[in-house]
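What follows is the residue order along each chain.
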Amino acid sequence: MSQFRALAGILRRSGRAGGNQWLQGGAGSSARRNWADLRRGCSSGAAPDVSAVANSSNYVEEMYYAWLEDHHNVHESWDAFFRNIQASSPSGEACERRPSALLQGRVLSHSPDMAQKVVEDHLAVHTLIRAYQIRGHHVAKLDPLGILEADLDSFVPSDLITTIDNLGSYGLDESDLDRSFQLPSTTFIGGGNTTLPLREIIHRLKTSYCGHIGVEFMFINNVDQCQWIRQKIETPGILQFTNSEKRTLLARLIRSTRFEDFLARKWSSEKRFGLEGCEVLIPALKSIIDISSAAGIESVIMGMPHRGRLNVLANVIRKELDQIFCQFDPKLEAADEGSGDVKYHLGMYHERINRETDKNITLSLMANPSHLEAVDPVVQGKAKAEQFYRGDTRGKKVMSILMHGDAAFAGQGVVYETFHLSELPSYTTHGTIHVVVNNQIGFTTDPRVARSSPYPTDVARVVNAPIFHVNADDPEAVMYVCRVAAEWRSTFNKDVVIDLVCYRRFGHNEMDEPMFTQPLMYKQIRRQEHVLKKYSDKLITEGVVTLQEFEEEVAKYDKICEEAYTSSKDEKILHIRHWLDSPWPDFFTAEGEPKSMACVPTGLDEEVLQHIGQTASSVPLEDFKIHPGVSRILRGRADLVKNRQMDWALGEYMAFGSLLKDGIHVRLSGQDVERGTFSHRHHVLHDQEVDKRTCVPMSHLWPDQAPYTVCNSSLSEYGVLGFELGFAMASPNALILWEAQFGDFHNTAQCIIDQFISPGQAKWVRNNGIVLLLPHGMEGMGPEHSSARPERFLQMSKDDPDHFPEFSGDFEVQQLYDCNWIVVNCSTPANYCHVLRRQILLPFRKPLIIFTPKSLLRHPDARSSFDDLATGTKFKRLIPDQGPASQSPAEVKRVIFCTGKVYYELAKERKLQKLESDIAIIRLEQISPFPFDLVRAEAEKYANAELVWCQEEHKNMGYYDYVRPRFLTVVANKRPICYVGRDPAAAPATGNKSTHLNELKRFMDTAFNLSAFKGKDL
Ligand SMILES: Cc1ncc(C[n+]2csc(CCOP(=O)(O)OP(=O)(O)O)c2C)c(N)n1
Ligand SMILES: [Mg+2]
């Protein structure tokens, strides 16, 4: 039992009726002990029940004499007890050496009152210690400017002893300051002492918790972790550095500061989002990396916003300075394809030796868009993937560091989404170190109107991450906090936050005038001495460096910058490729080109199909009891396999299973993907009798297959899609799929789609083969749950609608190579399987957007034969009409082009109306890049027919706006393309079932009314 609890227990017990009897009995039985017992105080070795035995005069006397002889003869608690009595005795009596006067006067006649007072005072002191541990940070001196409150509040918690009067709230007063108190085991302020005078206790608490470091950790519900932090923060003298460490810190600070100075001197009117006011970020990151490297970390993946990014690239990742400087040259031409990106967004990857540890380390900074915090989940995904491929199951080799601005960290929801991934088994990176550049401003906005929480870091509390606030003008305090944070990560493998409370010396960027909006703050900032000056003065005073050494170090770095500047002028061409954050050296040629420009057929051997089909219909584990409903589904699958048929779920099984066989890791992530939103997938079977016992048949296909990961995600799109995108960056030899619960929910991840997936290659010359599965279809389910918004993806596709391409070489592959992403809507399970396999068999990677079915999952017509997947078969970008119309195309009056589920409705209606010879129906399976070649062949084949585009979506949605100009280009504007589908609308679908059916009927009637467009001016 802790001493604190023992004392508390005594207080409770002494208030109980009959307590005395118990006390006497208990004390009597243990009253007579030998000296060794006295020394220990009690047989368990824990603190003795001081008040419990205080009534036993013999025992107390015995103790008292022993104490008089030598204070060390008794347990510390008795020592404190007798000292207190002595201190509270009238003068003269305190020196009384006879026990009778002292004890009988002070203890025996006044106990249990006196004992109770001692206990209460101890409890009070323990409460006081706890108050500092919990709330000390509120009064810590965190703001280097000394004008702002880091917690937005000047309120001082009354349970901190900021004035002597505050002692009153604990029942203590000034006279108690020199009384000694037993320290609880939940503090380390004693160092080697177990008791301290109250004055010293308060002093040490203030030093630990109210100096330049403020720690928030007492919300963590794990005793060991709290103890660990207390020990790191409270142990006296812990914040000490060797001279060599101080010199390294100074050298790093010089680099950080002089780098910004250099840029400011050379390009005074260029935006660079300088680090001035938080120069300590560079030594901070380097220190985190040093300590992590020493603990075994081999790869660090970082994400950060604009502020200080160039400095991090130069001084942490060690990008060649001339490569950075040449980016400021406006005449520099880009050597690579695409649009490129501004210099303060580019990423970087570098393998080097860590000078402090002499170990190899790979550092990568992920490229990011302006959209603050969007890169967070991407970094996590990439880190997770690197851990996964290295078999680093506990995050001991690969780690992530995320940097944040104070305003963005508090304001952006994706920060919260990312934190919520941090402990999930399939998403954890086993601890991220977050570093906040808290310059107490966001652009022009003050924190008091930018957030509702006291600190910008409060979001981290949800995952029990400790938060270290630190005054960034105290470089040693910052280094210490970094050391603790890195050790925390390697000890507990959990997230941790470092809040660098700093200031922004200039405006938001170098062109901005901050005095417009923050006049007083900026008056103070102008007066603020630079941290480098303050720290170098300190070290010179301490004799750690001489002024001359300092000046030489500065001159040395300035010279490095000057030389790099000179050589940067020789750079004529900018290679964005050199800024790649995730290279795939073996996948591409040395020049970064695909090794071929062909795609092998994606069909499969019958044997493989049979084997996968059988596994998909079975439970590979013994004594595993599945739900009868699942049994039924598996039996259904078995029947299909017997008939060499597959439904959607089996088509997917064939794709995943065959890729796994070829050593391709498959990872499917999203909400409820394990079962499948529509209960069709069932990739994870649950034992109905044994809790948490599951079986993943896909993992039992072949003994040497690649691993299969299927994971239900948290209820997030932005965070999870970003994560999977990052995962897909790590290796080209993996099929990474994210499935939306319903396609329209992807819009809460729009930023990842708009900023990373669509333009990623153009901005950062990096391929990414992520697959988005977006359930889509108008099925009367209402405005939501219906449309995955194909129009949005198509609008962002970059193939030129007005340019008729040349059909040379492998046109299909060339088109795919040129596009920014691939958009498909497959109408058959076999084609779905083919497109997934093609995704991996292509010699490059492009994002793949698939609109997936809902009702078609079980539609008896939407099945494929094994023949459609046989060896030699491949993905069909377009499925031509195969019925009577195709036999005599010249007679055909109308060709309906469509995509996806509406095909089945059209085919059914055509049959009903007996128009199979008059109307051809052609399915566009790959919508973008548009299969100009195949569409042209079909248009030519049905030379006399009207061309119709039919979609079930509203006219201003779906595919129409994308396909129309391309059709016109195909027919050289010589034939019109008529629209059949729902009218334009604001909402994607009606919530009224009968309206839904009426709409369907109306456009079906038009589709099969052969005179619908007669005489119309199209
Ligand atoms: C999602 C998003 N919204 C708005 C912006 C515009 N913006 C750029 S920087 C900035 C202020 C950022 O403040 P903070 O996070 O504190 O970083 P600081 O610039 O102070 O380092 C804003 C609002 C943005 N880049 N991203
Ligand atoms: Mg800020």
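Cut-offs and rules
Residues numbered from 1 in each chain as written. Chains lettered and ligands numbered in written order. Predicted model: local features only at pLDDT ≥ 70, side-chain atom pairs only at ≥ 80, totals over all residues. Heavy atoms only, no water. UniProt positions renumbered as here; feature names shortened; annotations may be inferred. Salt bridge = Lys/Arg side-chain N within 4 Å of Asp/Glu carboxyl O. Helix = DSSP H or I, 4+ residues; strand = E, 2+ residues; numbered from the N terminus. Buried < 20%, exposed > 50% of the residue type's maximum accessible area, 1.4 Å probe, protein only. Donors = N, O, S within 2.8 Å, 3.2 Å for Na, K, Ca; no water. Near = heavy atom within 4 Å. Polar contact = N/O pair within 3.5 Å; in protein donor to acceptor, adjacent residues only side chain to side chain. Areas by Shrake-Rupley, 256 points an atom, 1.4 Å probe, with all protein chains shown as cover. Nonpolar A, V, L, I, M, F, W, Y, C, P; charged D, E, K, R; others polar. pLDDT = per-residue confidence, 0-100. Contact = heavy atoms within 4.5 Å. Arc of directions from axis to C-beta. Axes fitted to C-alpha atoms, helices over the stretch in contact; angles between N-to-C directions. Parallel < 35°, antiparallel > 145°, perpendicular 65-115°, else oblique. Left-handed = near helix turned anticlockwise from the far one by under 90°. Disulfide = S-S within 2.5 Å. Pairing = 2+ DSSP bridges. Phe/Tyr/Trp six-rings, centres within 6.5 Å; stacked < 30°, edge-to-face > 60°. Lys NZ or Arg CZ within 6 Å of the ring centre and 35° of its normal.

Looking up the protein in an unreviewed UniProt entry gives the name 2-oxoglutarate dehydrogenase complex component E1, with the organism given as Xyrichtys novacula. Checking UniProt for the protein, the heading Sequence similarities (unreviewed entry) contains the comment "Belongs to the alpha-ketoglutarate dehydrogenase family." Taken directly from UniProt, the Catalytic activity (unreviewed entry) text for the protein runs: "N(6)-[(R)-lipoyl]-L-lysyl-[protein] + 2-oxoglutarate + H(+) = N(6)-[(R)-S(8)-succinyldihydrolipoyl]-L-lysyl-[protein] + CO2".

J.: Honestly, the pattern of salt bridges in this entry has me stumped. Any pointers?
T.: Side-chain pairs of opposite charge can arise where the charged atoms are in close proximity. What the rule picks out here adds up to 55 salt bridges. Note that E200 is salt-bridged to R204, the shortest N-O span being 2.6 Å. Taken together, the residues span about one helical turn, with E200 and R204 both in helix 9 (residues 198-209) at a distance of 4 residues. Residue R204 is classed as buried on the basis of its relative accessible area of 19%. Put simply, D290 and R252 hold a salt bridge, and the shortest N to O gap is 3.0 Å. Note that D290 is positioned in helix 12 (residues 281-294) and R252 in helix 11 (residues 243-266), a separation of 38 residues in sequence. For the pair formed by D290 and R252, the shared burial category is buried. Residues joined in a network through salt bridges with shared partners are E812, R838, K874, R877 and D933.

J.: Explain the coordination of the magnesium ion (ligand 2) to me, please; I cannot follow it from the model alone.
T.: Tetrahedral coordination by four donors puts the ideal angle at the metal at 109.5 degrees, and octahedral coordination by six puts it at 90 or 180 degrees. Here the magnesium ion (ligand 2) is held by the protein donor atoms D406 (OD), N439 (OD1) and I441 (O), which lie 2.0 Å from it. The motif formed by the donor residues of the magnesium ion (ligand 2), counted along the single chain, is D-x32-N-x1-I. Highlighted residues: D406 in helix 16 (residues 406-411) and N439 in the loop between strand 9 (432-438) and strand 10 (467-471), separated in sequence by 33 residues. N439 carries the same exposure label as D406, and that label is buried.

J.: What should I look at first to understand the site of ligand 1 in this one?
T.: Taken together, the neighbourhood of ligand 1 is formed by 15 residues, with R307, S370, D406, A407 and A408 sitting nearest. Taking H306, its side chain carries an N or O atom lying 3.0 Å from an oxygen atom of ligand 1. At 3.2 Å, a backbone N or O of L372 approaches a nitrogen atom of ligand 1. In isolation ligand 1 exposes 570 Å². Once the protein is present, 74% of that is buried. For the shell around ligand 1, a count of residues per class yields 5 nonpolar, 8 polar and 2 charged.

J.: What is the right way to look at the confidence of the model for the protein in this model?
T.: For residues with low pLDDT, the predicted coordinates do not support detailed interpretation. Averaged over all residues, the pLDDT of the protein equals 90, while 90% of them reach at least 70. Contacts of residues 1-47 to residues separated by more than four positions or lying in other chains number 66 contacts, the stretch itself having pLDDT below 50. Per-residue pLDDT stays below 50 along residues 92-101; that stretch engages in 17 contacts with residues further than four places along the chain or on separate chains.

J.: Explanation requested: helix 22 (residues 606-616) in the structure shown.
T.: Count 3.6 residues to each turn of an α-helix, and residues three or four apart come out pointing the same way. Every buried residue belonging to helix 22 is among V608, L609, I612, G613, T615 and A616, and all of these are buried. Projected down its long axis, helix 22 shows its buried positions confined to an angular sector of 165°, all on one face. Next to the buried residues of helix 22 lie helix 23 (628-642) and helix 24 (648-661).

J.: I tried to follow the packing of helix 15 (residues 375-390) against helix 25 (residues 718-730) on my own but got confused; where do I start?
T.: The packing of two helices is summarised by the inter-axis angle and the distance between the axes. It is the contact of helix 15 with helix 25, at a shortest axis distance of 6 Å, that shows an interaxial angle of 45°. Our classification of the angle between helix 15 and helix 25 gives oblique. Considering the relative orientation of helix 15 and helix 25, their crossing is right-handed. From helix 15, P377, V378, Q380, G381, K382, K384, A385, E386, F388 and Y389 reach across to helix 25, where they touch Y718, G719, G722, F723, L725, G726, F727, M729 and A730. In terms of residue class, the contact of helix 15 with helix 25 is made up of 11 nonpolar, 5 polar and 3 charged.

J.: Teacher, can you tell me more about the environment of T873 here?
T.: Mapped onto the elements of the fold, T873 is located in the loop between strand 22 (864-865) and strand 23 (878-879). The spatial distance from the C-alpha of T873 to the C-alpha of T602 is 6.3 Å, given a sequence separation of 271 residues. The residues contacting T873, other than those within four sequence positions of it, are P601, T602, G603, H834, D867 and D868. Polar side-chain contacts of T873 include one of 3.4 Å to the backbone oxygen of D868. A polar atom in the side chain of T873 sits 2.5 Å from the backbone oxygen of A870.

J.: Looking at this structure, I do not really get the state of the cysteines. What am I missing?
T.: Linking two cysteines covalently via their sulfur atoms produces the bond known as a disulfide. In the structure shown here, the tally under the stated rule is 0 disulfides. Take C950: it sits in no disulfide, and the sulfur closest to it among the cysteines is that of C898, at 6.6 Å.

J.: What should I look at first to understand the pairing of strand 8 (residues 398-405) in this one?
T.: A regular strand places its side chains so that they alternate between the two faces of the sheet. Of all 8 residues making up strand 8, 8 are buried, and the element is well covered by its neighbours. Neither face of strand 8 is open: one carries V398, S400, L402 and H404, the other M399, I401, M403 and G405, and all of them are buried. With 5 bridges connecting them, strand 4 (residues 299-303) and strand 8 associate as parallel partners. In the sheet register, V300 faces strand 8, and the bridge partner there is M399.

J.: I'm lost on the environment of G340 in this one. Help?
T.: Here G340 shows up in the loop between strand 5 (333-334) and strand 6 (348-354). Taking the C-alpha atoms as reference, G340 lies 9.7 Å from P759; in sequence the two are 419 residues apart.

J.: How should I be thinking about the packing of aromatic side chains in this particular structure?
T.: The relation between two aromatic rings is expressed through the spacing of the ring centres and the mutual angle of the planes. The final tally for this structure, using the stated rule, is 38 aromatic pairs. Between Y209 and F217, the ring centres sit 6.3 Å apart and the planes meet at 10°, which makes this aromatic pair stacked. We note that Y209, like F217, is buried. Measuring from centroid to centroid gives 4.7 Å for W648 and Y832, while their planes differ by 15°, and the two rings are stacked. Here the residue W648 occupies a position in helix 24, and Y832 occupies one in helix 30 (residues 829-841), the gap between them amounting to 184 residues. Sitting over the face of the ring of Y565, K266 holds its NZ or CZ atom 4.4 Å from the ring centroid.

J.: I tried to follow the sheet that holds strand 21 (residues 848-852) on my own but got confused; where do I start?
T.: Strand pairing in a sheet relies on backbone hydrogen bonds. The paired strands run either parallel or antiparallel. On the basis of which strands lie adjacent, the open sheet formed by 7 strands has the order 17-14-18-19-21-20-26 and mixed pairing. Whereas interior strands pair on both sides, the edge strands pair on one side only; in this sheet they are strand 17 (708-712) and strand 26 (926-928). Across the sheet, the axes of successive neighbouring strands diverge by a mean angle of 20°, strand direction being ignored.

J.: Explanation requested: unusual backbone geometry in the structure shown.
T.: In most cases, non-glycine residues show a negative phi, while peptide bonds are predominantly trans. Of note, the bond from S928 into P929 is cis; its omega dihedral lies within 30 degrees of zero at -5°. Along the chain, P929 turns up in the loop between strand 26 and helix 33 (932-941). The phi angle at N464 is positive, at roughly 60°, despite the residue not being glycine. By the secondary structure assignment, N464 is in the loop between strand 9 and strand 10. When its relative accessible area of 16% is taken as the criterion, N464 is described as buried.

J.: For this particular structure, what's the right way to read the side chain of H683?
T.: Assignment of secondary structure puts H683 in the loop between strand 14 (665-670) and strand 15 (685-686). Of note is the side chain of H683, whose polar atom sits 2.6 Å from the side chain of Y708. Contact partners of H683, with chain neighbours within four places excluded, come to E652, Y653, F656, E674, C695, V696, P697, M698, Y708 and V710.

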